[in-house]
Amino acid sequence: MAANCQAGNMLQFMKLIGQLKRVPRTGWVYRNVKQPESVSDHMYRMSMMALTITDRNINRDRCMKLALVHDMAECIVGDIAPADNISKTEKHRREEEAMKHLTGLLQEDLRKEIYELWTEYEQQSSPEARLVKELDQLEMILQAHEYEELEHTPGRLQEFFDSTQGRFHHPEVLQLVKSLNEERAGHIATGSKSSSEGCQTTDNQSNRPAGTS
């Protein structure tokens with residue numbers, strides 16, 4: 001009976017987590033982006049960013065776990081954006097309650113690990129948590145740039161870039177931000193409508209937007 005109960009709870013946990021695939025990122029919705037990414041889309045690329053970190057002073061595996069957990073509560077509370085006029089205290093309270101419910105479906109060891117990872121990120125209490133916060137911001141502006149490309153509207157989502165000013169510190173992140181800003185500046189200057197300019201290949205599919213086949 002105990003095994004059946006545990007399996008049932010795990011199934012409910014997985015179903016709740018699956019909701020993240022259907023929770024759109026609110027910032028894009030408010031900016032009328034067509035087919036905005038989901039929260040799980042965002043967390044997946046953050047996890048891949050964490051996987052590619054080469055800094056040996058950073059626990060890369062822990063960064064990947066933090067990236068996977070940091071927005072987990074949004075499967076219950078939704079993606080609360082600054083424009084929603086909900087205080088940080090209230091946002092944290094709702095998300096903490098959601099995390100307690102989610103992790104309460106798990107066995108003790110997993111419950112403790114996942115809840116502590118979420119708390120670590122919320123409190124920014126480790127170098128890994130602080131790096132993942134930078135990856136969160138980096139992923140956001142990379143996505144903003146991609147939407148500008150897909151919509152052929154260079155510079156439309158500038159406010160997202162403005163909101164990250166002074167928030168990047170890790171050398172690897174700074175290098176990626178520099179490269180992104182240079183590419184975007186070129187697109188704004190020329191009104192380019194192709195994300196593959198300067199990267200010529202023999203593949204006649206290379207100019208299609210990401211996600212097409």
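Residues numbered from 1 in each chain as written. Predicted model: local features only at pLDDT ≥ 70, side-chain atom pairs only at ≥ 80, totals over all residues. Heavy atoms only, no water.

Visitor: Would you mind going over the overall build of the protein chain with me for this structure?
Guide: Broken down by element type, the protein chain carries ten helices and zero strands. The secondary structure elements of the protein chain, listed N-terminal to C-terminal, are α-α-α-α-α-α-α-α-α-α. Counting all 213 residues of the protein chain, 37% fall into the buried class. Sequence-distant contacts in the protein chain: of pairs separated by 6 or more residues, those separated by 24 or more amount to 67%. (Helix = DSSP H or I, 4+ residues; strand = E, 2+ residues; numbered from the N terminus. Buried < 20%, exposed > 50% of the residue type's maximum accessible area, 1.4 Å probe, protein only. Contact = heavy atoms within 4.5 Å.)

Visitor: I would appreciate a short explanation of the packing of helix H4 (residues 60-69) against helix H7 (residues 108-123) in the present structure.
Guide: For any two helices packed against each other, the geometry comes down to the angle between their axes and how far apart the axes lie. Contact geometry of H4 with H7 gives a least axis separation of 9 Å together with a crossing angle of 90°. For the element pair H4 / H7, the angle class is roughly perpendicular. Packed against H4, whose contacting residues are Arg-62, Lys-65, Leu-66 and Val-69, the element H7 presents Glu-113, Ile-114, Leu-117, Trp-118, Glu-120 and Tyr-121 at the interface. Per-class residue counts for the contact of H4 with H7 are six nonpolar, no polar and four charged. (Axes fitted to C-alpha atoms, helices over the stretch in contact; angles between N-to-C directions. Parallel < 35°, antiparallel > 145°, perpendicular 65-115°, else oblique. Nonpolar A, V, L, I, M, F, W, Y, C, P; charged D, E, K, R; others polar.)

Visitor: Help me understand the pattern of salt bridges in this model?
Guide: Two side chains with opposite charge may pair up if their charged atoms get near one another. In the structure shown here, the tally under the stated rule is 16 salt bridges. A salt bridge links Lys-91 to Glu-95; the nearest nitrogen and oxygen atoms lie 3.0 Å apart. Within this pair, Lys-91 and its partner Glu-95 are both found in helix H6 (residues 88-103), separated by four residues, close to a single helical turn. Take Lys-91: its relative accessible area is 25%, and that puts it in the partly exposed class. Residue classification places Glu-95 among the buried residues on the basis of a relative accessible area of 4%. The partner of Arg-111 in a salt bridge is Glu-108, and the shortest N-O contact between them spans 3.1 Å. Here Arg-111 pairs with Glu-108, and both are found in helix H7, just three residues apart, close to one helical turn. Three or more residues are tied together by salt bridges with common partners; here these are Glu-90, Arg-93, Arg-94 and Glu-97. (Salt bridge = Lys/Arg side-chain N within 4 Å of Asp/Glu carboxyl O.)

Visitor: I tried to follow the confidence of the model for the protein chain on my own but got confused; where do I start?
Guide: Close reading of the predicted structure is inappropriate where its pLDDT is low. Averaged over all residues, the pLDDT of the protein chain is 91; the fraction at 70 or higher stands at 89%. Across residues 200-213 the pLDDT falls below 50, and counting only partners more than four positions away or on other chains, this stretch makes seven contacts in the model. (pLDDT = per-residue confidence, 0-100.)

Visitor: I'm lost on the nonpolar core in this one. Help?
Guide: Across soluble globular proteins, nonpolar side chains have a tendency to be buried as a group. Trp-28, Met-99, Leu-138 and Ile-141 are the most contacted members of the largest nonpolar core, which has 45 residues in total. For this core, the elements supplying multiple residues, two or more each, are helix H3 (39-51), H4, H6, H7, helix H8 (127-151), helix H9 (158-162) and helix H10 (171-190). When residues in this core are grouped by element, the largest group, nine residues, is from H8. Beyond its immediate sequence surroundings of up to four residues, Ile-141 is in contact with Phe-160, Phe-161, Thr-164, Phe-168, Val-177 and Leu-180. (Core = buried A, V, L, I, M, F, W, Y, C linked by side-chain atoms within 4.5 Å.)

Visitor: Quick question: what am I supposed to make of the packing of H8 against H10 here?
Guide: Running from N to C, H8 and H10 point in directions that differ by 15°, and their axes come no closer than 11 Å. Relative to H10, H8 is oriented roughly parallel. With respect to the hand of their crossing, H8 and H10 are arranged in left-handed fashion. Contact with H8, carried on its side by Leu-131, Glu-134, Leu-135, Leu-138, Ile-141, Leu-142, His-145, Glu-148 and Glu-149, involves Val-173, Leu-176, Val-177, Leu-180, Glu-183, Arg-184 and His-187 of H10 and no other residues of that element. Looking at side-chain class alone, the contact of H8 with H10 contains nine nonpolar, two polar and five charged residues. (Left-handed = near helix turned anticlockwise from the far one by under 90°.)

Visitor: How should the packing of aromatic side chains be read in this particular structure?
Guide: For any two aromatic rings, the description comes down to two numbers: the centre-to-centre distance and the angle of the planes. For the structure on display, the rule yields three aromatic pairs. Where Trp-28 meets Phe-160, the ring centres are 4.5 Å apart and the plane angle is 40°; that geometry is what we call tilted. Of the two residues, Trp-28 sits in helix H2 (residues 26-30) while Phe-160 sits in helix H9, which places them 132 residues apart along the sequence. Just as Trp-28 is buried, Phe-160 falls in that class too. Pairwise contacts between aromatic rings join Trp-28, Tyr-147 and Phe-160 into one cluster. In this arrangement the basic side chain of Arg-184 is found over the ring face of Phe-161, its NZ or CZ atom lying 3.8 Å from the centre. (Phe/Tyr/Trp six-rings, centres within 6.5 Å; stacked < 30°, edge-to-face > 60°. Lys NZ or Arg CZ within 6 Å of the ring centre and 35° of its normal.)

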